[in-house]
Amino acid sequence: MTIRTAVLPVAGLGTRFLPVTKSIPKEMLPVVDRPLIQYVVEEAFTAGIEQVVLVSSSGKGVLEDHFDSHVELEMALAAKGKDELLQLVKDIAPPQGKSISAVRQSAPLGLGHAVLCARPVVGNEPFAVLLPDDLIWTDGSTSAVLTQMVEQFDEIQASLIAVMEVSPSQTNLYGVIDPYDPELDDGNDIIRAKGFVEKPSPEVAPSNLALIGRYILTPEIFPLLANGKKGAGGEIQLTDAISALLEQQSVFGYRFRGVRYDCGDKTGYQMANLALSLQRSEMRDELLPFIKKQLADWS
Ligand code: G1P
């Protein structure tokens, strides 16, 4: 079965980025010159997704506007002969045959609840979830993470979640996989799970393999989300429902290829900007000497 739908939870208040997020959605913060949301939408369409569903809330209309056509701007660019910029603006819209729509999450009840809000659009088929906070950079020789995961899903036909090793002291910031057989899975790309725990303290964490914001889930997850059980932080957690899904079917972690930047965090966000700016040849020549000077001044 192919993965046709991607769910992008974007209803959060972005409090970690206040004051800028008072009037600008966190997902519209730019990394170099593109908003965060554009990276994940492009990743989804590249992986073959046909419909992207934003799980949104009030004040987030600008996210939909970003992917809509802007006739006035396009006419102005065309009149001035700015063809490259015109193309850049046109390319933001979903390609032919693909769509972006939005559903509302009326109350901030957690990531699990956000995903549940997309159920009527997803229907009874496997789907992807991408968290825009997690920007995952892959160079030209590696396919984007969701593409890697869709390929894996084609083979295993089971839910899988991107995982990566984090410092054991940081497990309380993530969902964490409890590997079925740590020795067997050591170093493998695909890791069979026997449980998942949301934000465990380091003393009780079953591993330091953290869940990163790319999921492919089977629709059996929805009834488990609908039971409304609250978990860590008093929220309906996606991680808890995935752990419960293990009673019915296998679920796997997938050690992806790529560099993940935590753009939900100010430091991670700056790292993403720095790293991706250095990828741009037009910026690198000025930026590198500047960074070197900063380093010298600070050491
Ligand atoms: C969410 C998930 C968590 C996951 C993380 C990845 O947490 O609940 O399991 O590890 O995203 O970024 P959040 O960062 O929204 O607190």
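This text goes with the structure placed above it.
Predicted model only: the values in this text are computed from it and were never measured. (Residues numbered from 1 in each chain as written. Predicted model: local features only at pLDDT ≥ 70, side-chain atom pairs only at ≥ 80, totals over all residues. Heavy atoms only, no water.)

Undergrad: Outline the pattern of salt bridges, listing residues and values.
TA: One pass over the structure, following the stated rule, counts 14 salt bridges. In this structure, R214 and E43 form a salt bridge, with 2.8 Å as the shortest nitrogen-oxygen distance. Here E43 lies in helix 1 (residues 36–46) and R214 lies in strand 11 (residues 209–217), a separation of 171 residues in the sequence. A single burial state applies to R214 and to E43, both of which are buried. One salt bridge in this structure joins K199 and E198, with 3.0 Å as the shortest N-O distance. Here the salt bridges share partners, and the residues they tie into one network are R4, E50 and E125. (Salt bridge = Lys/Arg side-chain N within 4 Å of Asp/Glu carboxyl O. Helix = DSSP H or I, 4+ residues; strand = E, 2+ residues; numbered from the N terminus. Buried < 20%, exposed > 50% of the residue type's maximum accessible area, 1.4 Å probe, protein only.)

Undergrad: Quick rundown of the nonpolar core? Include the residues and the values.
TA: By size, the foremost hydrophobic cluster in this structure holds 37 residues, and its most contacted members are L8, I37, L146 and I216. Where this core is concerned, the elements lending two or more residues are strand 1 (5–9), helix 1, strand 4 (51–56), strand 6 (127–130), helix 7 (145–156), strand 8 (159–165), strand 11 and strand 12 (251–255). Beyond its immediate sequence surroundings of up to four residues, I37 is in contact with L8, V10, E27, M28, L54, L63, F67 and P132. Grouped together as the second largest cluster of nonpolar side chains are 33 residues, V53, A114, V129 and F222 included. (Core = buried A, V, L, I, M, F, W, Y, C linked by side-chain atoms within 4.5 Å. Contact = heavy atoms within 4.5 Å.)

Undergrad: Break down the environment of L77 for me, with residues and values.
TA: Position of L77 relative to the elements: it lies in helix 3 (residues 71–79). Given a relative accessible area of 11%, L77 falls into the buried group. Through-space distance from the C-alpha of L77 to that of G258 is 35 Å; in sequence the pair is 181 residues apart. L77 has contacts with K82, L85, L86 and V89, leaving out every residue within four places of it along the chain.

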